[in-house]
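Each chain is listed here by its residues.
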Amino acid sequence: MIDVHYWPTPNGWKVTVMLEECGLDYNIVPVDIGGGDQFKAGFLRISPNNRMPAIVDHDPLGGGEPIAIFESGAILEYLADKTGRFLSQDPRERYRVLQWVHWQMANLGPMMGNANHFKNYGKNIADDPAQLEYGIKRFVGEVDRLAGVMDAQLSSNAYLAGSDYTIADIISWPWARLMGRLIDEAMWDTFPDLKRWVDEVGERSAVDKGWQVGRDMGKRDLSEAEEQARRDLLFNQTNEKVRKAREEAARTAS
Ligand SMILES: N[C@@H](CCC(=O)N[C@@H](CS)C(=O)NCC(=O)O)C(=O)O
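Residues numbered from 1 in each chain as written. Predicted model: local features only at pLDDT ≥ 70, side-chain atom pairs only at ≥ 80, totals over all residues. Heavy atoms only, no water.

Participant: Can you walk me through the packing of helix α7 (residues 167-176) against helix α10 (residues 192-202) in this structure?
Facilitator: Helix-helix packing is characterised by the crossing angle of the two axes and by the distance between the axes. Direction vectors running N to C along α7 and α10 enclose 105°, while the axes themselves pass 10 Å from each other. Regarding the angle of α7 to α10, the classification is roughly perpendicular. Counted together, D169, S172, W173 and A176 of α7 and W197, V198, V201 and G202 of α10 form the full contact between these two elements. Residue composition of the contact of α7 with α10, by class: five nonpolar, two polar and one charged. (Axes fitted to C-alpha atoms, helices over the stretch in contact; angles between N-to-C directions. Helix = DSSP H or I, 4+ residues; strand = E, 2+ residues; numbered from the N terminus. Parallel < 35°, antiparallel > 145°, perpendicular 65-115°, else oblique. Contact = heavy atoms within 4.5 Å. Nonpolar A, V, L, I, M, F, W, Y, C, P; charged D, E, K, R; others polar.)

Written out as structure tokens, the structure reads:
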């Protein structure tokens, strides 16, 4: 059995989609990131960067003690190696896939995360709209550039890393499907091959099942003050702020 430390966000969906694609049994361990679960000592032992997703495989590849892994790219690579699916062992094919996996981890995820931060939470993080302007321009511009990179690749390939569906697609789809919300929905006309791929991958039953896992976890009736407290916990983390959150998590656990 694999424990998945999870909250329903694009980075979390990558793992549930992969587990569904591979037909592996898993157990969801909720990490309420607005409530501070990512600062609890037990979670930090698995994921020292205080970010989910993370997994613990109790029946690990290679046998022996359970294996704990954080960072979604490493998790997908591990699950692919464990099942022999969606990542070839042939070096040429393997690195064709892994370069897109690393591309997603270093580009699409972080740029979309930052664009979302400035564009959708802007009014909560800065009083002066001018303060937000550069952040929006920079990061939405990067998302637009990355949409072009994907569209060009997908204009001559069925999938991101070539003719086969691989972990490069599984890791990129949960973010890519949300690009219209950051750029604007009309963008899909500018990037038709990206749109074709987003629709086609989204129609896979494992993908549909995986991204709906824990859909209601994040939905609660919260007051504006409670919403603000959750945002305060998540945004602008410094060492000092994380240290205090860790101490608070330890206090409430004991
Ligand atoms: N590179 C990491 C990113 C993970 C990440 O940013 N997770 C967010 C949710 S999508 C999180 O756990 N945030 C908690 C926090 O900011 O304290 C991965 O792909 O696993």
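The discussion continues.
Participant: Whenever I open this one, α10 confuses me. Can you help?
Facilitator: In an α-helix, one full turn covers 3.6 residues, which means residues spaced three or four apart are oriented alike. What α10 keeps buried is the set L194, W197, V198 and V201. One face of α10 carries all of its buried residues, which in axial projection span an arc of 100°. The inward-facing, buried residues of α10 contact α6 (129-155), α7, α8 (179-182), α9 (187-190) and α11 (205-211). (Buried < 20%, exposed > 50% of the residue type's maximum accessible area, 1.4 Å probe, protein only. Arc of directions from axis to C-beta.)

Participant: Looking at this structure, I do not really get the site of the ligand. What am I missing?
Facilitator: Neighbouring the ligand are 14 residues; Q38, M52, E71, S72 and Q237 lie closest to it. Here Q38 contributes a side-chain N or O atom positioned 2.8 Å from an oxygen atom of the ligand. In the environment of the ligand, a nitrogen atom lies 2.8 Å from a nitrogen or oxygen atom belonging to the side chain of E71. For the ligand, whose accessible area on its own is 520 Å², the fraction buried by protein is 83%. When atoms are counted within 2 Å of each cavity's grid points, the one that captures over half of the ligand is the largest pocket. (Near = heavy atom within 4 Å. Polar contact = N/O pair within 3.5 Å; in protein donor to acceptor, adjacent residues only side chain to side chain. Areas by Shrake-Rupley, 256 points an atom, 1.4 Å probe, with all protein chains shown as cover. 1 Å grid on protein atoms, 1.4 Å probe; cavity = no way out; pocket = protein on both sides within 12 Å on 5 of 7 lines; lining within 4 Å. Sits in = over half its atoms within 2 Å of the grid points.)

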